[in-house]
Each structure stands twice: as structure tokens, then as C-alpha cells.
Amino acid sequence: MKITKALLLVVVAFLLFNQQLLAQKQPISGKITDSKGTPIEGVTVKIKSTRAGTSTDKDGKFTLNVLPTDVLEINSVGFKIKTVPVSSKSYNISLEAAPVDLQEVIMVGSRKGGRVKTESPVPVDVININSVGQTTAKPDLESMLNMSVPSFNYNKQSGADGSDAIDFASLRGLGFDQTLVLVNGKRRHLAAYVAEFGTRGRGNSGTDLNAIPEASIDRVEILRDGASAQYGSDAIAGVINIILKKDINKLTVNTGFSAYNDHRYNTLNNVDPSQYYTGSQLDGQTFNLGVNYGIAIGKKGGFINFSGNFLNQGKTLRALPDTNFSTNPNSQLVAPYIAEYRRAFGDGSVTSGGVQFNAEIPIKGTNTTFYSFGGYNYKHSNVYAWSRNFGDHPEKFPTDANGNLMYVPGIMHVFDPTPGQLDSSNVFYNPEEDVYIKDVSLALGFRGTYKNGWDWDISNVIGYNDFHYFGNNTFNATLPENIVGSKTRFDDGGFNFLQNTTNYDMTKRFSSVANGLTLSFGGEFRYENYKIYKGEDDSWGYNIPQRYYPMVGATRDVASGSQGFPGFRPTDVVNASRTNVGAYADASLDITKEWLLDAAMRLENYSDFGFVNTYKLASRYKLTSDFNIRGSVSTGFRAPSLQQINFSNINTTISNGSLQYIWLAPNTSAVAKAAGIPKLTQETSVNGSLGFAWKMAKNLTLTTDAYWIQIKNRVIFSGQFAATLPQLAPYMPSVSPPLNSVQFFANAVNTTNTGIDIVLDYTKKWHHNGIKALLAANFQKINIDKINVPGPLNDNYFDQQTFFSTREQAFLKASAPKSKIAFSLEYSFHKFAVGTHLTYYGMLTTQGYGYSSVPGAAAGGPGGAGISDAGLGYDPFVTKDDGSGVVPENFVYHGKLTTDIYASCQITKNVSWVLGADNLFNVHPDISATAGAKNASWGDSESGGPFDSVQMGYNGLRLFSRFLFNF
């Protein structure tokens, strides 16, 4: 019996041992491809019962230890989930594409890899530039995005010097330089320009998106959330990631023509066109051409894609048709005033051309890929400065030694000409600013996977921007009499900016941690260089102190330097550099199938201002399969640009009939220190957002996101302080002619931006028909929380307002309209489509300088005893038209709706034609005049013309036709 029991125990032990042997895990391997046999990288392969797993490499291959009874679950964005029972040691698995538009798969906002945008814990817009660009007259990237993304802020400037020639944009009403731009996920360089004038972005630098050919862009991803902890400086408002095309064996050509037909405000329609510069009834004529083609390299997915763009755009000229109330009771003013200082108000002309390439080459016998992209863009812009009138300011004209006009035909104009004689009081001219911009970028990198499964990426990106001014059809009135009327073109000098960024990044996904954990680490080294180079001597020098002018019966200072934009002087020349070292850690954890948590931390050290650290936490939770809530909280920063730290120039203005020389002093100058202006340091922010994404039906999606952004130490440039102030005078440079005032860049303002973004998207296709509808809206508010005035410039209310006046505060608050709503609708049937874009631009308010003191104001306040606030730009008041008192000089631009329409036809398999009109009903902003005080306020806006530069534009109806070729 004992023997029988012993044998039984041995048998049971043997069976258990064999069962354990059978249960031991065995290695399997496989390759995962799409339906065309192309390997898919980053596919998640999990054991369904334990959630342990791995991911495929760039060749679509994976290895995993499994039990014979296990079932594999295979998941990848854009493909249907697939389950495969374990039955062998080797697998070839093909995935079927899911009914998800791959344009909705985003790369920005996480290093985890592609996500469907509604699955993201932060809001991301995806803009298909091809489809948007085909249905509008707008020929440039920023105009297209301005129409498509409500929280995107952009407007064309006029009469703002270099701002007329370059286009910057921002997000959520913040500064141009508080939005980071990436190309293929790599940091893009800033432009060399820093804005001095204009209604938006005063004191900001920015990135010129229009330097990237539209033909090269596959899509634009816009992350509307603070992301400094992930990407570094500038990403306070968000990130714009431009994804370049990878197409091969496909030639696309997009060419079109457009022109404005403003039958109301074109200067040709004025009651006296001789008072203005004029063009044609169809002005702003624009021809654009975009070409894209790619070729395959090797047989493992290598490619190189080439693109090119050319744009030629003419000037626009706008004026009120009639301002003479005495002859026309329906005129828009109450006195016979013309825009005498803006006789050539409108958009400048532009000629630009650029090329771009994007390439990837897998290296044979390795799991490493070489990649590169880059481009070159050239842009020439010719813009009109403010008008010069001999009857008011003869000191800005070439004259003989007796102060008599030396008339130069072809440049000078005469209004109301008297036959047979020249009335010099009616002579005017408009200086032209010729701006030449060169933009170059090149990225080189390698990426691959280590044997331990860590993905790596090493890259270097260099970018360079050069901005060169020339004065054209203008004069330097101080030149010798023998050349003062013949030298009409000047090299004014310019500036350039170079940025070189080196990155190393590592990422790995751990499928066995919870429902998946992605860890990322990396480092960055950045070198920046900024230069100002001087103009020729004639562009700024040769001063004649004073001259008597019979026209005005007075002796005046002769205006030195080329009119329009005086050249940079030797004292402005600078060559400044800095370096930055940064490191980050980023984690993305799928705690459950429903709950996603992202976290990031970044440390950076700048050689000029020191150390900064930022953090971010974001989360998304699926309440149902179709409804997600999401939110984030983060800290952010923006390093002051080298442009802001080092920019310097001397400009001129007229104050109370006297010529004034104003120095914008660099932050490094002795006079800045004497004024109590500390070294520029980083702007810091705290961001919060909360929202949801709801798939309301199969083809209908709604996302809503509220945001709160608090920023401290925003960089602004101050008002103008008298050079004779005791605390400043000892440090003012001795130049000829002497300086009258000085202004500074400073970390001075704390603000809070709040708002909400709403996007409703509907798409449906049936048979040969389709309908697409998109409603996107932004509602926002900007508050100024605090203004930090330096002690030496903070003696009284007057000094405080000189530092950052209510006028300047109004410009900051007007960075974006209070609301912006865009609705697009398209219906397609067979080979035809019709559609519309409706855009509502909400109200905003700016201010003038004010030419009337406030009656009865308390001493020390506005208009107080001993201090006149008239014409100084703070608490501005102007006299009412009926003379009964004064009113605040506010320029209110009420909300307006523009309507665009288009129709398209596919003529052949390879050719399509689009015809349409932007701003069909010729809607314009309100004119730049104060209600009830149009007479006194006319011409006192920032632009000086009939309109200020607001987002909706001022050029009116625009007609266009476009042909699309695909081969």
C-alpha cells in the first residue's frame, strides 16, 4: 500500500513538472505591415491577459515571450485593433486601416507618437493647407491660418516701417514671440526684426511663417496650450508644428491670380484723386505659383521631396472717398480734412520666392535613418512711409540755401496743380522703404533604435534671417545742394539673426507598465547671434543745423538722414551672442484604458541671464467611448530675445511743429542702467486649461477648452523720456544732431489672458456627394494686472504714463479681438463643389495721443497742475465736433462679418479649377475716428490712415481664380 502511494505521488509530481514545462514562455517574433505591405513602426503588441508587451521597430518587427495559450492584442493609431492567438513562433500580420482621417493624427504635444487629436489631453488643431489654400484668395500661410483658426492672431500692418514688410502671428492674444514654431518637430529660428510700430506686437520679435513655401506643407498642427516644459522658451501660448510633405512620384502645381475690387475706398474713387497716390481699380494684383514633386530613394521608404513657391503682389491704396462735410453732408468727417500724412495708405508690394526640401534615407543594414530638410526664401517688399508735405514741413525736402523747394519730378506730386506754375505749398511725396529679407534653414539628423528598445534621435538645425533696409524715392535734406535732389536711394543698413540648435532625444514605450508608459529624455544646446550693420553715411549723417524756410516763415532744424527710415549709425552696430543648455524629462502613462496622464519637466541655463525650470501636468479621462474630459496645468517662460536686448536706432518725429530725434537705447547701455532698467530676464507664466472632446455622432465632433494664462515680466518698450532729465542726461551719447528723447526695452508688465475655444466639426460622404462643415470660435479677454515702473522714472503720474501710457496699454489689450468666429461649409457632388467661409471679427479698441487736456483734473493726475497731458498718449481726450467739451479719444472697431464664396470643378482627372471671392460684400472696419469727435481725432490713429490694422483687413472685396494640376 505504501509502495502504491509512493508511485502515485511520483506520477502526480511528474505530471505537474511536465505541465510547468509546457507552461514556460517561448519567444516569438513577427512583422506588422499595412494593407500595402509597408512596415508600421510603433505598433503596440500586448498579451491580452497580462497587458505585458512590446512595440515594433522601424521595420515593423517585434519579439515577445509568450505562453502557448496567450492571445496577442495589436493596436496602432489609424488602424483597427486586431487579436491573434499564439499558434507559432513567427508571424506576418497585416493591419486594416480604421475609418479615421489620418490628418487627425497628431505628433505635437507628446513624444509618445501619433495620437488622434480628440484623444489628446490638450487641444490641437490640424489644418490641411492644401484644402484650405485652394478655396481662398489668400496666397500666404498666415492669412490662411488666420481664417481657419480663431485663436490664431495676425494682421497686416501699414505705415509701421519694417512691420509692413514682414508678417508675424501669435496665439490666444499673446505676443508674436510667445508662440513657438517647429518644422517637422524641430525648433524654427526667429526673424531678425523686432517691431517698433504698428497696432500689435510692439517690441516683439517673431517667426516668419511665410518664409516656408506653402507647396511644401502637408499640414499644420497647432497646440493651443502652454508647452515650455516640453519644448523650451517661447511656448507660452502654444506651439505651431509645420509638417512637410513626403509625397513621391507625384507632381502638383497650384497657380492662381487675385485682385481687390474695392469700389468704395480705392483712392481712384476719391472726389480729388490728385490728393493721393493712385493705382488701378483692380489693385493688389497677385500671381502665385506653387510646385511640389518627390522621388523615391532606394527600396525601403527613402525619399526626397522638393517644393517651390513664387509670389508677386501689387500695392493697394485706400482713402475715404470724401471728407468734405461742407460740400457733402453724408461725408464721414465733419471738416474738409484729407489724410495728408497718409496719402499712400495700404499694403506694400511683395515679390518673393522660395524652395524647400524634405528627405529621409534608411541606412542599409542598420535600423538607422538619415533625415534632412531645409530651404531658402527671398523676399522684396516695397512699402510707403508716411507722407511729407512741403506746406507743413519743408525741412524734410531738398531745398536751396534760401529754403526754396528743389522740385524733383517723378518723386514729388502736386495736388490742385495750377497750369503754368508750381504752387510749392501743394507739393508732397511719400518715401518708400525697400526691404530685402533672406531666410535660410537646414536640418540634418539621424534616428534609430538601440538593441534595448530605446528610440534615439540626434539632430542639428541652423537658421539665418537677414533684414536689409533701403530708402527709395526719398531724400536726405542735409546733403550738399549739388546732390540733395538727385540722390534718392540710400542703403540704410539692417540686421541679421543666426540660430543653431543641437538636440539628442531618447524615447521608449514600456507596454507592460499599467496600460503603457512612454518615457522620454533629451538635451539641447543652442547658439544664437544677432548683428546690426550700419547704413551708408548719407542715410543718417550730414547735418545742417538750421535753415530759414519762407514757406512757413520760420527757421527750423533740417531733417537729417534719409526720410522714411534713417539708416543705422556706427553707434548702433552690435555683434552679440549667447548660448543655452537645456535638458528635459517627459512621461506619458496610460493608467487605464480610460485614463491618460502626461508629465514633463525642463531645466535650462542661458549664458546671459541664467537658470530657469518649468513643469507641466496634463490628463485626459474617457467618461464614455465618445466623451473625454481633459485639462492641464503648467509653468512656462520666454527668454528675452537678443533682438530685444541689443536693438538700437535713432528715429525722428514731429512734436509741436519741431523735429525730434528719439533714441531706442539698447538694454545694455549706460543710460538704461541710469534709468533703473535692469538687465532683461525671462518672462514667466502659469497656464491652466480645462475642456472636453465629444464625438456626438459618427461624423460630428465637438471640442471645448477654457484657458487661463498669467504672465509676469512681459517685455515692452517704454515711452519717450526727455534726454534732459537729470538722471539721464549725463549718460546720453553726444551725437549730431543732438538727441531729444530716449526709450527702452524693459520687463515691465504682468497680464492675465482668459478665454474659451470651441470647435464643432462635421463631415459626411455618401455615393458621389459629400458635405463638410466646421465652426470654430474663440472668446477672450486680456487684463493688465501690474505695471512695474523703474524707480528713477517713477516720480509722478506723468512719468508713470510716459513709461507705459494708456495708449500703449490699449494696444496690448487689442492684440486680439474679444471674439472671433469662423464657419466653413462645403458641399461636393461628382466633380463639382461649392462652399463658403464666414468669419466674424469681434470688437477691439485702440487710442490716439489726445490733443485736449482733461478739464478740472486733480494735480498730479491727468491734466493736473503743471502737467499737460495733451498729445502725450495717456488718458487721451479730444474736442467734440460741436465744441461742447471733450471725449476720450478711443478708436472703436465694432465686430464685422466677412463672407467668402467659392466653386470648384474637376475639369479632367489631372486638372481642377476654382473660382471665388473673398469678402464678397466689401466689408471694412470702422474708420479710425472717435465717435462725436471725428474732426479732432482724424489722422491720430497708429496707422494715420482711414483704418487701423485690424485682423479683418481693410482692402475690401477680393476676386480670385486658381488652377490645380496633379500628375
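Residues numbered from 1 in each chain as written. Predicted model: local features only at pLDDT ≥ 70, side-chain atom pairs only at ≥ 80, totals over all residues. Heavy atoms only, no water.

### Things to note about the overall build of the chain
Scanning the chain for helices and strands turns up 9 helices and 51 strands. Looking at the chain as a whole, 57% of its 967 residues qualify as buried. Restricting the contact set of the chain to residue pairs at least 6 apart, pairs at least 24 apart contribute 70%. Only carbon and sulfur atoms are counted for the fraction: they give 59% of the accessible area of the chain, which is about 38,000 Å². (Helix = DSSP H or I, 4+ residues; strand = E, 2+ residues; numbered from the N terminus. Buried < 20%, exposed > 50% of the residue type's maximum accessible area, 1.4 Å probe, protein only. Contact = heavy atoms within 4.5 Å. Areas by Shrake-Rupley, 256 points an atom, 1.4 Å probe, with all protein chains shown as cover.)

### Points about the sheet that holds strand 13 (residues 179-183)
Within the open sheet, the 5 strands sit side by side as 10-15-16-13-14. Their pairing is mixed. Strand pairing shows two members of the sheet lacking a second neighbour, strand 10 (124-127) and strand 14 (186-187), which therefore form its edges. Two elements, strand 13 and strand 16 (residues 238-244), share 5 bridges in a ladder whose sense is parallel. Each residue of the ladder has a partner; that of L182, found in strand 16, is N241. Helix 3 (residues 141-148) rests against strand 10, strand 15 (217-223) and strand 16 of the sheet, and its axis sits at about 50° to strand 15. (Pairing = 2+ DSSP bridges. Axes fitted to C-alpha atoms, helices over the stretch in contact; angles between N-to-C directions.)

### Notes on a nonpolar patch on the surface
Together, V355, Y376, Y378 and V440 make up an exposed nonpolar region whose accessible area comes to about 320 Å². The topology assignment puts Y378 in strand 21 (residues 369-384). Overall, Y378 belongs to the partly exposed group, its relative accessible area being 31%. (Patch = residues over 30% accessible without salt bridge, like charges linked within 9 Å, V, L, I, M, F, W, Y side chains within 5 Å. Salt bridge = Lys/Arg side-chain N within 4 Å of Asp/Glu carboxyl O.)

### Considering the side chain of D439
For D439, the location among the structural elements is in strand 25 (residues 432-449). Relative accessible area serves as the criterion here: at 5%, D439 is assigned to the buried category. Only 3.1 Å separates the side chain of D439 from the side chain of H189, close enough to count as a polar contact. Looking at D439, its side chain comes within polar contact range of the side chain of N465, at 2.9 Å. Every residue in contact with D439, bar those within four places of it in the chain, is listed here: R188, H189, A211, G375, Y376, N377, Y464 and N465. (Polar contact = N/O pair within 3.5 Å; in protein donor to acceptor, adjacent residues only side chain to side chain.)

### Some remarks on the pattern of salt bridges
Where side chains of opposite charge bring their charged atoms close, a pairing between them can arise. The final tally for this structure, using the stated rule, is 35 salt bridges. Residue D434 is joined to R489 by a salt bridge in which the shortest nitrogen-to-oxygen separation is 2.8 Å. Placement of the pair is D434 in strand 25 and R489 in strand 27 (residues 489-510), with a sequence separation of 55 residues. Since its relative accessible area comes to 4%, D434 is described here as buried. Among the charged side chains, a salt-bridge network with shared partners connects E524, R526, E528, R578, R602, E604 and D608.

### Section: the sheet that holds strand 23 (residues 413-414)
Ordered by their spatial adjacency, 3 strands build an open sheet running 22-24-23, and the pairing between neighbours is antiparallel. In this open sheet, the two strands that pair with only one neighbour each are strand 22 (388-389) and strand 23. Across 2 bridges, the pairing between strand 23 and strand 24 (residues 427-429) is antiparallel. From the neighbouring strand, V414 faces strand 24, where its bridge partner is V427.

### Topic: the pairing of strand 37 (residues 683-697)
The pairing of strand 34 (residues 627-638) with strand 37 spans 12 bridges and is antiparallel. Bridging across to strand 37, F637 finds its partner in T684. In this structure, strand 37 lies alongside strand 38 (residues 700-717), joined through 13 bridges in antiparallel fashion. Each bridged residue has a counterpart across the sheet, and for S685 the counterpart in strand 38 is I711. Taking the residues that link successive antiparallel strands as the turn, the strand 37-strand 38 hairpin has 2 residues.

### Observations regarding unusual backbone geometry
With a phi close to 50°, A514 is a non-glycine residue in the positive phi region. Residue placement: A514 occurs in the loop between strand 27 and strand 28 (517-533). For A514, a relative accessible area of 37% translates into the label partly exposed.

### Quick word on the environment of D882
Secondary-structure assignment places D882 in the loop between strand 46 (877-879) and strand 47 (886-888). The class of D882 is exposed, set by a relative accessible area of 57%. Taking the C-alpha atoms as reference points, D882 and A933, separated by 51 residues in sequence, lie 8.2 Å from one another.

### What about the packing of aromatic side chains?
Given two aromatic rings, their pairing is described by the distance between the two centres and the angle made by the two planes. One pass over the full model with this rule turns up 38 aromatic pairs. Between F495 and F647, the aromatic rings sit 6.0 Å apart at their centres with planes inclined by 80°, giving edge-to-face as the arrangement. Of the two residues, F495 sits in strand 27 while F647 sits in the loop between helix 5 (642-646) and strand 35 (649-655), which places them 152 residues apart along the sequence. Between Y827 and F829 the ring centres are 5.4 Å apart and the planes differ by 25°, which places this aromatic pair in the stacked class. Sitting over the ring of F428, R343 keeps its end group 4.3 Å from the ring centre. (Phe/Tyr/Trp six-rings, centres within 6.5 Å; stacked < 30°, edge-to-face > 60°. Lys NZ or Arg CZ within 6 Å of the ring centre and 35° of its normal.)

### A short note on the side chain of S349
Mapped onto the elements of the fold, S349 is located in strand 20 (residues 349-362). Polar contacts involving the side chain of S349 include one to the side chain of K315, which spans 3.4 Å. If sequence neighbours within four positions are ignored, S349 has contacts with Q313, G314, K315, H380, S381 and N382.

### Overview of the confidence of the model for the chain
Looking at the chain, the pLDDT average stands at 86 and 89% of residues meet or exceed 70. The spread of mean pLDDT over the elements of the chain runs between helix 1 (residues 2-23), the lowest at 46, and strand 26 (residues 455-472), the highest at 96. Throughout residues 99-103 the model reports pLDDT below 50, and contacts reaching past four residues in sequence, or to other chains, amount to 7 contacts. (pLDDT = per-residue confidence, 0-100.)

### Structural notes on the environment of N482
Mapped onto the elements of the fold, N482 is located in the loop between strand 26 and strand 27. The class for N482 is exposed, based on a relative accessible area of 67%. On a C-alpha basis, the gap between N482 and D400 in space is 9.2 Å, while along the polypeptide they are 82 residues apart.

### What to know about the environment of R547
Within the secondary structure layout, R547 lies in strand 29 (residues 546-549). With relative accessibility at 14%, the residue R547 sits in the buried group. Sequence separation between R547 and P394 is 153 residues; the distance between their C-alpha atoms is 10.0 Å. R547 has contacts with T399, D400, A401, G403, A554, T555, R556 and V558, leaving out every residue within four places of it along the chain. Of the polar contacts made by the side chain of R547, one reaches the backbone oxygen of D400; its length is 3.3 Å.

### Quick look at the pairing of strand 38
Sheet analysis places strand 38 next to strand 41 (residues 745-766), joined by 16 bridges and oriented antiparallel. Counterpart to T704 in the pairing with strand 41 is I758.

### Concerning helix 3
Among the 8 residues that make up helix 3, 8 are buried, leaving the element largely enclosed by the rest of the structure. What helix 3 keeps buried is the set L141, E142, S143, M144, L145, N146, M147 and S148.

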